[in-house]
Amino acid sequence: MNFTTNRTTRLAGLMFAVLMTLAINAGLLWQFDSVAQKGTLAQGSQGPTLVTLERVDIVAPRS
């Protein structure tokens, strides 16, 4: 009987850890999404930002 109780306790602990991990990660993703939505709404009146990079030529001896 002790073996099944120990296994049940471990399983319950694992399930609790998985549940807490999911809850914390979901909360963080929800916050990131709300921050991104607010940032998009704040920049709605501005045009899109474009970045143009300079061309880079690499000169090196082939080995």
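Residues numbered from 1 in each chain as written. Predicted model: local features only at pLDDT ≥ 70, side-chain atom pairs only at ≥ 80, totals over all residues. Heavy atoms only, no water.

## With respect to the overall build of the chain
Alright, step 1. Each helix and strand in the chain was counted, giving one helix and zero strands.
Alright, step 2. Burial statistics for the chain: of 63 residues in total, 0% are counted as buried.
Alright, step 3. As displayed, the chain has an accessible area near 6,700 Å², and 65% of this comes from carbon and sulfur atoms. (Helix = DSSP H or I, 4+ residues; strand = E, 2+ residues; numbered from the N terminus. Buried < 20%, exposed > 50% of the residue type's maximum accessible area, 1.4 Å probe, protein only. Areas by Shrake-Rupley, 256 points an atom, 1.4 Å probe, with all protein chains shown as cover.)

## A look at a nonpolar patch on the surface
Alright, step 1. A contiguous nonpolar surface patch, about 650 Å² in accessible area, is contributed by Phe16, Met20, Ile24, Leu28, Leu29 and Phe32.
Alright, step 2. Of the residues examined, Met20 reaches a relative accessible area of 36% and is grouped as partly exposed. (Patch = residues over 30% accessible without salt bridge, like charges linked within 9 Å, V, L, I, M, F, W, Y side chains within 5 Å. Salt bridge = Lys/Arg side-chain N within 4 Å of Asp/Glu carboxyl O.)

## Side note on the pattern of salt bridges
Alright, step 1. Scanning all chains against the criterion turns up one salt bridge.
Alright, step 2. In this structure, Arg55 engages Asp57 in a salt bridge whose closest nitrogen and oxygen atoms are separated by 3.0 Å. No difference in accessibility class separates Arg55 from Asp57, as the two residues are exposed.

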